[in-house]
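Structural characterization, general
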Amino acid sequence: MSRFNSKQLVLDASLALGSNDRMFNPVGDAAGERNRKCLDAVWDEGHVAVFNRQLRREWRDHASPFAAGWLQKMTQKSRTLVDEGNDFSPLLQQACDCLPSAGEKADLAKDFHLVQSALATGQLILSNEVRFPRHVTRACVAVPELAQLYYGNPAIEGEDCRLWIKAGADKEPGRRIDNWSANHQP
Amino acid sequence: MAVHPSNWHLYGPGITRIAVTGFKSLATKTDVEVRPLTVLAGANSSGKSSLMQSLLLMKQTFDNERIPPGPFWLSGELAAYTSADQFLTTDPRQPNAPRRLTIELEAEGDWVELSFERTSESDLAVVGTASREAGGERTWKLSRDTSPEVLQEILSSVPGRTANEPLSRYTELLPAPDRCLLGVAAKFADDPIIPIFHRPEVLRLRNKVQDILYVSGLRGSYDREFYLHGLPSTGPFPGDFEDYFPSILEAWKNDSTQTGQGYVNLHTLREALQLLELASDVQTRNLGSQIEVRVPRTLKGDSKDFVNVADVGLAVSQILPVLVALTLAHPNQLVYIEQPELHLHPRAQWKLAQLLAQASNRGVRLIIETHSSLLLRGILTEIAEGRVANDKVILHWFERDKETGLSAVRPAVPDPAGRVGEWPEDFSDVELKSDSQYLDAVEKKLYTEAK
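Quick caveat: nothing in here was measured; it's all calculated off a predicted structure. (Residues numbered from 1 in each chain as written. Chains lettered and ligands numbered in written order. Predicted model: local features only at pLDDT ≥ 70, side-chain atom pairs only at ≥ 80, totals over all residues. Heavy atoms only, no water.)

**A few points about the overall build of chain A**
When helices and strands are counted, chain A shows 10 helices and 5 strands. Here chain A has a C-alpha radius of gyration of 16 Å; the compact-globule value for 186 residues is 16 Å, and the two agree. Viewed in the frame of its principal axes, chain A has a C-alpha envelope of about 40 × 35 × 30 Å. Every one of the 186 residues in chain A was classed for burial, and the buried ones make up 54%. For chain A, the share of sequence-separated contacts (at least 6 apart) that also reach a separation of at least 24 residues comes to 77%. For chain A, the accessible area works out to roughly 7,800 Å², and carbon and sulfur atoms hold 52% of it. With 23 positive and 24 negative side-chain charges, chain A shows a spacing of 4 Å between the two charge centroids. (Helix = DSSP H or I, 4+ residues; strand = E, 2+ residues; numbered from the N terminus. Rg over C-alpha atoms; globule rule 2.2 N^0.38 Å. Buried < 20%, exposed > 50% of the residue type's maximum accessible area, 1.4 Å probe, protein only. Contact = heavy atoms within 4.5 Å. Areas by Shrake-Rupley, 256 points an atom, 1.4 Å probe, with all protein chains shown as cover. Lys, Arg positive; Asp, Glu negative; His and termini not counted. Charge placed at Lys NZ, Arg CZ, Asp CG, Glu CD.)

Pasting the structure below:
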């Protein structure tokens, strides 16, 4: 396990839920396997998982048995970090103002805790969400700090999130959240 | 047995450090700090047992009243060798280097180092004893060529000797082996009895080693009856502790002392068995020279339906010696348990950590050798939930070099949240890999079948 290139990553609870398996959860699919492989890669490469209270609560409520075991082992190895980040509530309002619909505003607000913790740590977010990075990208106009975020989505086939994590989860231009959104248009 | 920490000194200092050099795979000095709850872990044949075997070899030697031909009783219940060759390290990097063994022990400041090596007369001989008393400044070094003046100084320093027996009455002082210790032999005129004297810290550590309660990993007898021992139920207990637990249970049952400590201990033991969901009670039946251990057939514990312990699951007979040792041990006593989790259901392995934490909180010094990630997790949970202080726990991970076969040990003290950081334990890795491999295989199978 390499340690020298360890990164701090915010792992959305969608990975905890998504890393399901057919033994325990019959909705297991290829995306689930990719999620699991990503968690494996985070473990193998000695990366650190960043949490905040809300994210931890979501993990507790949604984690698959595999993800729960993974989190226990990460915690035992002191490879979890709790960082609430700075209070971005004023920025959230500005960011939401950039979005046209109430639904989009609600989507962004729902996951804004990921943004707070990521900006305070390694600026890296892994999530199965597709709309969230688009919302963040649109909000970059009003809140330029958001463009510091880098993104990976293990649920998308061909993303090679696992390889990216194995290679050190570096801040590659293509993974900057605005570029990522541009490359993953609906 | 609740003894306030301020009274632990009544039981003498507890062993706080063990360092061994030259025993089996422990080629270089393997220095292990001992805290109230010390966990030894590592792959098979990584050197965990070797560290403790050197101590057990000493205990076996002190336990035996007969004088061994060399420094140790090589073949006994705790360790069985026919020659020192079998445990002295051969370092493949230095195959021609002299084979030496050093054992260091520390007990809250008292320090003793015993040195052994091959001599022209013997395949192993004790060649040195060095010691320093807690708070003392001087290190007393005794070897085979120590001068008579130094021998006289050592003898003079032994409390009580000069007052009772003037040194002038001895005609000759010699360094002399006394089992695995080197002491000062004092010849007196034509008296055929030659007493051997030791520094008090050496004797204290000798007693600490003899006082070890050892619960072996090879336990769980299928016997229906056990030999009834006449030893006091407080010890010392020569050999494997497992032999004594039925007699101790019987003594607790018959306790007629005012304090009723036996009843308290039996109550504690019952609670422990209930916690592990193994049995609700335990009884003994005296059959004369033999004794029978009985437990209720059901967990509910019908008082009329007790059966021989051999007639219930093996877990009960496996864990009883462990639980009796944990209950009986006095503060600062070293209890060494190999694989306490043997034959236990995962839930019981996990809960066993609570009992280990309780014993360590009483001041007992536990050394646990384990392969159970659940037990380890249980201990870390006890820390995180505040039932045992993190600084009472230390973990030692043993690794063996694939090329040389020699061992190395990596310690870790958990933080107050029960996390151990980058301690190289591989339980978690093995579990995650096995989970992943299993799920990969299941999913592959299901996808293939679906197509």
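Don't stop here, the text continues.
**Digging into the overall build of chain B**
Regarding its fold elements, chain B presents 10 helices and 19 strands. Scaling as 2.2 N^0.38, a compact globule of 451 residues should have a C-alpha radius of gyration of about 22 Å, and chain B matches this with 24 Å. By principal-axis analysis of the C-alpha atoms, chain B measures approximately 90 × 60 × 40 Å. Evaluated residue by residue, chain B yields a buried proportion of 53% over its 451 residues. Sequence-distant contacts, at least 24 apart, represent 61% of the contacts inside chain B between residues at least 6 apart. Summing over all exposed atoms, chain B offers an accessible surface of approximately 20,200 Å²; the carbon and sulfur share of this is 51%. The centroid of the 47 positive side-chain charges in chain B is displaced by 2 Å from the centroid of its 60 negative side-chain charges.

**Considering helix 8 (residues 131–139) of chain A**
Looking at helix 8 of chain A, one finds that the buried residues are Phe132, Pro133, His135, Val136, Thr137 and Ala139 of chain A. Next to the buried residues of helix 8 of chain A lie helix 5 (89–97), helix 6 (102–110), helix 7 (112–120), strand 4 (124–126), strand 5 (150–152) and helix 10 (177–183) of chain A.

**Considerations on the packing of helix 4 (residues 65–76) of chain A against helix 9 (residues 373–384) of chain B**
Running from amino to carboxyl end, helix 4 of chain A crosses helix 9 of chain B at an angle of 60°, the nearest separation of the two axes being 12 Å. For the pair helix 4 of chain A and helix 9 of chain B, the crossing hand works out as left-handed. Contacts between helix 4 of chain A and helix 9 of chain B involve Gln72, Lys73 and Gln76 of chain A from the former and Leu376, Arg377 and Leu380 of chain B from the latter. Among the residues making up the contact of helix 4 of chain A with helix 9 of chain B, the classes are represented as 2 nonpolar, 2 polar and 2 charged. (Axes fitted to C-alpha atoms, helices over the stretch in contact; angles between N-to-C directions. Left-handed = near helix turned anticlockwise from the far one by under 90°. Nonpolar A, V, L, I, M, F, W, Y, C, P; charged D, E, K, R; others polar.)

**Observations regarding the domain arrangement of chain B**
Residues and elements named next belong to chain B. We note that the domain assignment places domain 1 (1–141 + 199–212 + 333–451) and domain 2 (223–328) within chain B. Taking the mean C-alpha position of each, domain 1 and domain 2 sit 27 Å from one another. On the domain 2 side, the residues contacting the 22 residues of domain 1 number 23 residues. For the pair domain 1 and domain 2, the two sides together bury roughly 1,900 Å², of which 64% comes from carbon and sulfur. Counting the contacts that link domain 1 with domain 2 gives 2 salt bridges. Here glutamate 277 ties to lysine 351 by a salt bridge, and the two come within 2.9 Å at their closest N and O atoms. Between the two partners, domain 1 and domain 2, sit 7 residue pairs in polar contact (both at pLDDT 80 or more). The set of elements that each furnish at least two residues to the side of domain 1 that touches domain 2 consists of helix 1 (48–63), strand 16 (334–338) and helix 8 (346–361). Here the side of domain 1 that touches domain 2 takes 8 residues from helix 8, the largest share from any one element. Split into classes, the residues belonging to the side of domain 1 that touches domain 2 amount to 13 nonpolar, 3 polar and 6 charged. (Domains from an automatic or database assignment. Buried area = accessible area lost by both parts, 1.4 Å probe. Salt bridge = Lys/Arg side-chain N within 4 Å of Asp/Glu carboxyl O. Polar contact = N/O pair within 3.5 Å; in protein donor to acceptor, adjacent residues only side chain to side chain.)

**Observations concerning helix 7 of chain A**
Of all 9 residues making up helix 7 of chain A, 8 are buried, and the element is well covered by its neighbours. Of the residues making up helix 7 of chain A, those classed as buried are Phe112, His113, Leu114, Val115, Gln116, Ser117, Ala118 and Leu119 of chain A.

**Considering the pattern of salt bridges**
Applying the stated criterion across every chain yields a total of 41 salt bridges over all chains. Residues arginine 99 of chain B and aspartate 85 of chain B are paired through a salt bridge, measuring 2.8 Å at the closest nitrogen-oxygen approach. Of this pair, arginine 99 of chain B sits in the loop between helix 1 and strand 4 (100–107) while aspartate 85 of chain B sits in the loop between helix 1 and strand 4, placing them 14 residues apart in sequence. Taking the relative accessible area as the measure of exposure, aspartate 85 of chain B reaches 38% and is therefore partly exposed. Taken together, the salt bridges that share partners define one network made up of Asp44, Glu45 and Lys166 of chain A together with Asp429 and Lys433 of chain B.

**Focus: the sheet that holds strand 10 (residues 196–197) of chain B**
Read across the sheet, 3 strands follow the order 8-9-10 (chain B) without closing on themselves; strand pairing throughout is antiparallel. Looking at the sheet topology across the chains shown, the edges are occupied by strand 8 (172–178) and strand 10 of chain B. (Pairing = 2+ DSSP bridges.)

**Focus on the nonpolar core**
Residue and element names in this part refer to chain B. The biggest cluster of nonpolar side chains holds 61 residues, and the ones touching the most others in it are Phe241 and Leu323. With 10 residues, helix 7 (residues 314–328) is the largest single contributor of residues to this core. In contact with phenylalanine 241, not counting residues within four places along its chain, are Leu213, Tyr214, Val215, Ile248, Pro321, Val324, Ala325 and Leu328. Listed in part, the 56 residues of the second largest apolar core include Val32, Leu78, Tyr81 and Ile367. (Core = buried A, V, L, I, M, F, W, Y, C linked by side-chain atoms within 4.5 Å.)

**As for the sheet that holds strand 17 (residues 365–369) of chain B**
Residue and element names in this part refer to chain B. Here we have 6 strands laid out as an open sheet, ordered 11-16-17-3-18-19, and mixed in their pairing. Among the strands making up the open sheet, the edge pair consists of strand 11 (213–215) and strand 19 (407–412). This sheet shows a mean twist of 15° between the axes of neighbouring strands, independent of strand direction. In the sheet, strand 18 (residues 393–400) pairs with strand 19 via 6 bridges, with the strands oriented antiparallel. Bridge assignment links arginine 400 to a residue of strand 19, and that residue is serine 407. Its contacts with the sheet place helix 1 against strand 3 (37–42), strand 11, strand 16, strand 17 and strand 18, and it is angled at close to 135° to strand 16. Here helix 7 sits on the sheet in contact with strand 11, strand 16 and strand 17, set at roughly 165° to strand 11.

**A short note on the side chain of lysine 7 of chain A**
Residues and elements named next belong to chain A. In this structure, lysine 7 sits in the segment before strand 1 (8–11). Lysine 7 gets classed as buried once you look at its relative accessible area, which sits at 19%. Here the side chain of lysine 7 touches glycine 168 through a polar contact of 2.7 Å, landing on its backbone oxygen.

**Comments concerning the packing of helix 8 of chain B against helix 9 of chain B**
All names here are of chain B. Interhelical geometry of helix 8 versus helix 9 gives an angle of 40° and a closest axis separation of 8 Å. Comparing the axis directions of helix 8 and helix 9 gives the class oblique. Both helix 8 and helix 9 take part in a crossing whose hand is right-handed. Counted together, Pro346, Gln349, Trp350, Leu352, Ala353, Gln354, Leu356 and Ala357 of helix 8 and Leu374, Leu375, Gly378, Ile379 and Glu382 of helix 9 form the full contact between these two elements. Of the residues that constitute the contact of helix 8 with helix 9, the class distribution is 9 nonpolar, 3 polar and 1 charged. (Parallel < 35°, antiparallel > 145°, perpendicular 65-115°, else oblique.)

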